[in-house]
Amino acid sequence: MLKVDNLTKQYGDFTAVDGACFEAGDGKVFGLLGPNGAGKSTAINCISGLLAPTSGHISVSGFDIVRDGKKAKATLGVVPQELALYEDLPALDNLNYWGKAYGLRGAELDARVREVLDYIGLADRAKDLPKEFSGGMKRRLNFGCGIVHKPKVLLLDEPTVGVDPQSRARLFEMVEAERDAGACILYTTHYMEEAERLCDSLAIIDHGKIIAHGSVDQLKAQVGARDVLQLSGRFPDGLAATIADRGIADLDVLTDESNVLTLTMTTASHHLPAIFEAITAAGGSVSETSLRSPNLETLFLLLTGKELRE
Amino acid sequence: MDFIVATFRKDLTRWREDAHALIIWLAIPFLIGGLITAMAGGSGGSGPSGTLLIDDRDDTLISGFVAGAFAQDQIGDMLTVQNVGAEEGKQLIDAGEASGLLTIPEGFQDAFINDTPVVLTLKTNPAQTILPGIIENVTEVLLDAGFYLQALFGEEIAAIQGVDDEAGPSNAFVSSMSVQVNDKMQALGPALFPLAFDIEIVEPPPAEPRPDIGLLFLPGIVMMALLFSSQGLSADFWKERETGTLRRLVSSPGLLNQFVFGKALAATLVIAGISGITLAVGFLYHGIAWSKFLPSMLWLIFAGAGFFAWFAALQMLFPTQKAANLLSTIFLFPLMMMGGSFFPLAALPDWLASVGRMSPNGFVVDKLTDELVSANAWSFDIRSWTIVAAIMLSGLLLCSWRLKSGFARR
Ligand SMILES: Nc1ncnc2c1ncn2[C@@H]1O[C@H](COP(=O)(O)OP(=O)(O)O)[C@@H](O)[C@H]1O
Ligand SMILES: [Mg+2]
């Protein structure tokens, strides 16, 4: 169980996380989806006790991270966004050391380390130094270090950044396995596909604020059945208003600039001829068209007027 | 407790990968030690050697005896006597190319015979300690010997003096004189005449073995190895911060105090190993009693842990790893210079030596020098040991505090 209640973190005058509230249950993956700089890592660092929140409360497995830090941390596993490995210590020893930091000992530790090595696919490289590993292997070891002690709450901060497709698939399997074993997982990412594939529920975060919240289906419903139509070209002033006058159902204008026009509507494909006609009539021209069916990315676009990945 | 051991083993394993650093920490002190030994004459156990310049302006029989005395026996082994003119002598001694310049003034023999005051000037080389001291002693002894000689043979010397130079002494006079001298010599023992220039009989030198100059350098060189290794290893907190493992540690329930202690323990082992090798080679070379080795090691272990912790704590106060490393390296050399790693404290001007003894490394070097040079067993004085223990503990506490006060979180 992880509860984040009204979490705010300020760096000086700058508010990196602004009143975030969410809850993640055991055996579930909770996603925090947002662009770079949204405040995901800051939130994770507050939860893991690395940063002191400016205000708000965080409870990990029922323990307050600030007041009851040691107990909270004992149940917590962290896979940080930036690798945190001893590159000059064999993979096996890395796992061993972090196991000991969490109080594992003796035969139990040995067995668990062997298990994790198999699990992260590094059993045959156990004696090798991480500095000789590929990026994907390091990511997997980084993951392994966060789960040696079978944490009840697992924080994963963009674990797939810079990872080859094979390692990425392996990482997904591992996250799902941890979930199936009953862990409560907080997963941050700026990839919509990852959030859709892994998360039972998620929050969309931008500029430190949670702007949408719910299960993947609920969030998709928020987008409605509306498609997003993005047109590039040359558009005269007042064109958006002209198109809106055409009486297309559910039409919304997201961006209206001289070279980009973003519209959302139900079954956009039906309305394309009318829209093009209006543009031509107004003396504009279209050089590029993109039509996207509803997903989390278009939801983000709907909510913020900008792309998730810039 | 388990986590201390885990951290200790983890760091030792990691540092094994960095063996070339260890070799450098050993190599520099050995190189410098070797150079110093070579400069000190390279004759190891046989003691220091140097040059005594004698500017004999009197150029008489008696003044010749003085010069000759320095060529005798053990002194002769240590000193090469070189006769120089006034100008040449001044140049050589000012250039630091000799241990001392002894000027025998004109009229020395006359003054000696007439028992009137005479001043021999001895100018010594401030960069050397032992040899000038020996020269000073010998000169004093010679003058004392001269006093005895004068007291014993005053009459006879006066008689020789009284003889008309042109005519020379008559045969009868010479033979009566020799009989008189012979009688006194017989009465006082055959050793008497050489006695005049034999220091040991006139004033026996202190029984304690004379410290050789290389031995005075040894503690400073061992300290150099200790400083290099402790400063080098102290950067490890910064390394761990850069690799993100400190952050992982903070988000784990592993205790920071135990982490600091485990790392300090591993560092101390490496530092003790490196300074221990340097010390052991010094013990072998200078033939120091091995009974002093363990207390010396214990002293170095306390000091090594202390230096490691303080270097680490200070480095953690800097905003970047580069700045930390650069500044602590820059700091290292004046510290070594002042604390007797390049010149023994005893060779520094008094005011500088007393400042040097107040530097932490100078303090450690000073005590180690006293103990190694002394003929007695180690004296475990409470004051010194309390001071090193306090340096060590305060450094470790400071490290812990700095880790908790935010260094580990960035
Ligand atoms: N130590 C810091 N001091 C000041 N600003 C910071 C600090 N760390 C992060 N920020 C700022 O806070 C915002 C959120 O950063 P972060 O939580 O890393 O975002 P994300 O992980 O979602 O990419 C960014 O604008 C970033 O520049
Ligand atoms: Mg981030």
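Residues numbered from 1 in each chain as written. Chains lettered and ligands numbered in written order. Predicted model: local features only at pLDDT ≥ 70, side-chain atom pairs only at ≥ 80, totals over all residues. Heavy atoms only, no water.

J.: What's the story with the overall build of chain B in this structure? I'm lost.
T.: Broken down by element type, chain B carries 19 helices and four strands. Summarising the internal contacts of chain B: among those between residues at least 6 apart in sequence, 76% fall at separations of at least 24. Entry remark: accessible area of chain B is about 19500 Å², with carbon and sulfur atoms responsible for 64%. (Helix = DSSP H or I, 4+ residues; strand = E, 2+ residues; numbered from the N terminus. Contact = heavy atoms within 4.5 Å. Areas by Shrake-Rupley, 256 points an atom, 1.4 Å probe, with all protein chains shown as cover.)

J.: Before we go on, may I ask you to explain helix H1 (residues 40-47) of chain A in this structure?
T.: Residue and element names in this part refer to chain A. Extensive coverage of H1 is indicated by the burial of seven of its eight residues. Listed as buried for H1 are Lys40, Thr42, Ala43, Ile44, Asn45, Cys46 and Ile47. Immediately beyond the C-terminal end of H1, within one or two residues, lies Gly49, with a positive phi of roughly 85°. (Buried < 20%, exposed > 50% of the residue type's maximum accessible area, 1.4 Å probe, protein only.)

J.: Help me out: how do you make sense of the interface of chain B and chain A in this one?
T.: Where interface size is quoted, it is often the accessible area lost as the parts come together. On the side of chain A, 28 residues touch chain B, which itself brings 23 residues to the contact. Taken together, both faces of the contact between chain B and chain A bury some 2300 Å²; the carbon and sulfur share is 60%. Sorting the residues of chain B by area buried against chain A places Arg248, Ser251 and Pro253 of chain B first, and these three jointly supply 31% of that buried surface. Our count for the contact surface shared by chain B and chain A stands at two salt bridges. At the boundary of chain B and chain A, one finds 11 residue pairs in polar contact (both at pLDDT 80 or more). When residues of the side of chain B that touches chain A are traced back to their parent elements, those giving at least two are helix H1 (2-16), helix H12 (236-243) and helix H13 (245-250) of chain B. With seven residues, the top contributor of residues to the side of chain B that touches chain A is H1 of chain B. (Buried area = accessible area lost by both parts, 1.4 Å probe. Salt bridge = Lys/Arg side-chain N within 4 Å of Asp/Glu carboxyl O. Polar contact = N/O pair within 3.5 Å; in protein donor to acceptor, adjacent residues only side chain to side chain.)

J.: Help me understand the domain arrangement of chain A, please; the structure alone is not making it clear to me.
T.: Considered domain by domain, chain A is made up of domain 1 (2-215) and domain 2 (225-293). Centre-to-centre, using C-alpha coordinates, domain 1 of chain A lies 42 Å away from domain 2 of chain A. (Domains from an automatic or database assignment.)

J.: Sorry, what's going on with a nonpolar patch on the surface here?
T.: All names here are of chain B. A cluster of nonpolar residues, Trp310, Leu314, Leu317, Phe331 and Trp401, forms a patch on the protein surface that exposes about 500 Å² of accessible area. By the secondary structure assignment, Leu314 is in helix H15 (residues 293-315). Of the residues examined, Leu314 reaches a relative accessible area of 33% and is grouped as partly exposed. (Patch = residues over 30% accessible without salt bridge, like charges linked within 9 Å, V, L, I, M, F, W, Y side chains within 5 Å.)

J.: Whenever I open this one, the nonpolar core confuses me. Can you help?
T.: Generally speaking, a soluble globular protein has its nonpolar side chains buried in company with each other. One finds Leu95, Leu141, Phe143 and Leu202 of chain A together with Phe237, Phe259 and Leu403 of chain B to be the most contacted residues of the largest nonpolar core, which totals 122 residues. Counting residues in each nonpolar core, the second largest holds 27 residues, with Phe30, Ala43, Val60 and Leu155 of chain A among its members. (Core = buried A, V, L, I, M, F, W, Y, C linked by side-chain atoms within 4.5 Å.)

J.: Sorry if this is basic, but what is going on with the sheet that holds strand E3 (residues 29-33) of chain A here?
T.: Either a parallel or an antiparallel arrangement is found when strands of a sheet pair, and the pairing is made through backbone hydrogen bonds. Residue and element names in this part refer to chain A. An order of E6-E7-E8-E3-E9-E10 is seen for the six strands of this open sheet, with the pairing classed as mixed. Two strands lie at the open edges of the sheet, namely strand E6 (76-79) and strand E10 (209-215), each paired on one side alone. Recorded for the sheet is a direction-independent mean angle of 15° between the axes of neighbouring strands. Where helix H8 (residues 216-223) meets the sheet, its contacts fall on strand E9 (201-206) and E10, and the angle it forms with E10 comes to roughly 115°. (Pairing = 2+ DSSP bridges. Axes fitted to C-alpha atoms, helices over the stretch in contact; angles between N-to-C directions.)

J.: Please clarify how the coordination of the magnesium ion (ligand 2) should be interpreted in this entry.
T.: Residue and element names in this part refer to chain A. At the metal site, the magnesium ion (ligand 2) is ligated by Ser41 (OG) and Gln81 (OE1), and these contacts range over 2.0 to 2.1 Å. Highlighted residues: Ser41 in helix H1 and Gln81 in the loop between E6 and helix H3 (91-101), separated in sequence by 40 residues. Residue Ser41 is classed as partly exposed on the basis of its relative accessible area of 23%. (Donors = N, O, S within 2.8 Å, 3.2 Å for Na, K, Ca; no water.)

J.: Got a minute to help me understand H12 of chain B in this structure?
T.: In an α-helix there are 3.6 residues to a turn, and that puts residues three or four apart on one side. What H12 of chain B keeps buried is the set Asp236, Phe237, Trp238, Glu240 and Arg241 of chain B. Note on H12 of chain B: the residue one or two positions beyond its end, Gly244 of chain B, has a positive phi of about 85°.

J.: Can you help me understand unusual backbone geometry in this one?
T.: Most peptide bonds take the trans configuration, and most residues that are not glycine carry a negative phi. Residue and element names in this part refer to chain A. A positive phi angle, near 50°, is found at Ser61, a position not held by glycine. Structurally, Ser61 can be placed in the loop between strand E4 (55-60) and strand E5 (63-64). The class of Ser61 is partly exposed, set by a relative accessible area of 21%. Phi at His207 takes a positive value of approximately 50°, unusual for a residue other than glycine. Inspection of the secondary structure puts His207 in the loop between E9 and E10.

J.: Please explain the packing of aromatic side chains as it appears in this structure.
T.: Each aromatic ring pair is specified by the distance between its two centres and by the angle formed by the two planes. All told, the structure shown has 20 aromatic pairs over all chains when counted by the stated rule. Look at Phe283 of chain B and Phe293 of chain B: their rings are 5.2 Å apart centre to centre, the planes differ by 85°, and that puts the pair in the edge-to-face class. Pair noted here: Phe283 of chain B is in helix H14 (residues 256-286) and Phe293 of chain B is in helix H15, with a separation of 10 residues, a long-range link. The exposure classification of Phe283 of chain B matches that of Phe293 of chain B, with both residues buried. Through a chain of ring-to-ring contacts, the aromatic side chains of Trp299, Phe302, Phe363, Trp378, Phe380 and Trp385 of chain B assemble into a single cluster. In this structure, Arg241 of chain B is placed above the aromatic ring of Phe407 of chain B, and the distance from its NZ or CZ to the ring centre is 4.5 Å. Against the face of Trp98 of chain A rests Arg248 of chain B, its NZ or CZ located 5.8 Å from the ring centre. (Phe/Tyr/Trp six-rings, centres within 6.5 Å; stacked < 30°, edge-to-face > 60°. Lys NZ or Arg CZ within 6 Å of the ring centre and 35° of its normal.)

J.: When you look at the packing of H15 of chain B against helix H19 (residues 382-407) of chain B in this model, what are you seeing that I'm missing?
T.: In a packed pair of helices, the relevant descriptors are the angle between the two axes and the axis-to-axis distance. Residue and element names in this part refer to chain B. With their axes 7 Å apart at the nearest point, H15 and H19 run at an angle of 30° to one another. Taken as axis vectors, H15 and H19 run roughly parallel relative to one another. Note that H15 runs across H19; the crossing there is left-handed. For the pair formed by H15 and H19, the contact residues are Pro295, Leu298, Trp299, Phe302, Ala305, Gly306, Ala309, Trp310, Ala312 and Ala313 on the first element and Ser384, Trp385, Val388, Ala389, Ile391, Met392, Ser394, Gly395, Leu396, Leu398 and Cys399 on the second. Each residue belonging to the contact of H15 with H19 can be placed in one class, and the counts come to 17 nonpolar, four polar and no charged. (Parallel < 35°, antiparallel > 145°, perpendicular 65-115°, else oblique. Left-handed = near helix turned anticlockwise from the far one by under 90°. Nonpolar A, V, L, I, M, F, W, Y, C, P; charged D, E, K, R; others polar.)

J.: What's the story with the side chain of Ser230 of chain B in this structure? I'm lost.
T.: All names here are of chain B. In this fold, Ser230 is placed in helix H11 (residues 213-234). A distance of 2.8 Å separates a polar side-chain atom of Ser230 from the backbone oxygen of Leu226. What Ser230 contacts, discounting residues up to four positions off in sequence, is Ile271, Gly304, Phe307, Phe308 and Phe311.

J.: How should the pairing of strand E1 (residues 50-56) of chain B be read in this particular structure?
T.: Each regular strand carries side chains that alternate between the two faces of the sheet. Residue and element names in this part refer to chain B. With six of seven residues buried, E1 lies mostly within the body of the structure. The pairing of E1 with strand E3 (residues 100-104) spans five bridges and is parallel. Its bridge partner being in E3, Asp56 is matched across the sheet by Ile104.

J.: Sorry if this is basic, but what is going on with the site of ligand 1 here?
T.: Residue and element names in this part refer to chain A. Every residue lining ligand 1 is accounted for by Tyr11, Phe14, Ala16, Pro35, Asn36, Gly37, Ala38, Gly39, Lys40, Ser41 and Thr42. The contact in question runs from an oxygen atom of ligand 1 to an N or O atom on the backbone of Lys40, over 2.8 Å. In this structure, Thr42 approaches ligand 1 through a side-chain N or O atom, which is 2.5 Å from an oxygen atom. Contact with the protein chains removes 59% of the 560 Å² of surface that ligand 1 exposes when unbound. Elements with a contribution of two residues or more to the shell around ligand 1: strand E2 (14-24) and H1. Broken down by element, the residue count for the shell around ligand 1 peaks at three residues, all from H1. Taken together, the residues of the shell around ligand 1 break down into five nonpolar, five polar and one charged. (Near = heavy atom within 4 Å.)

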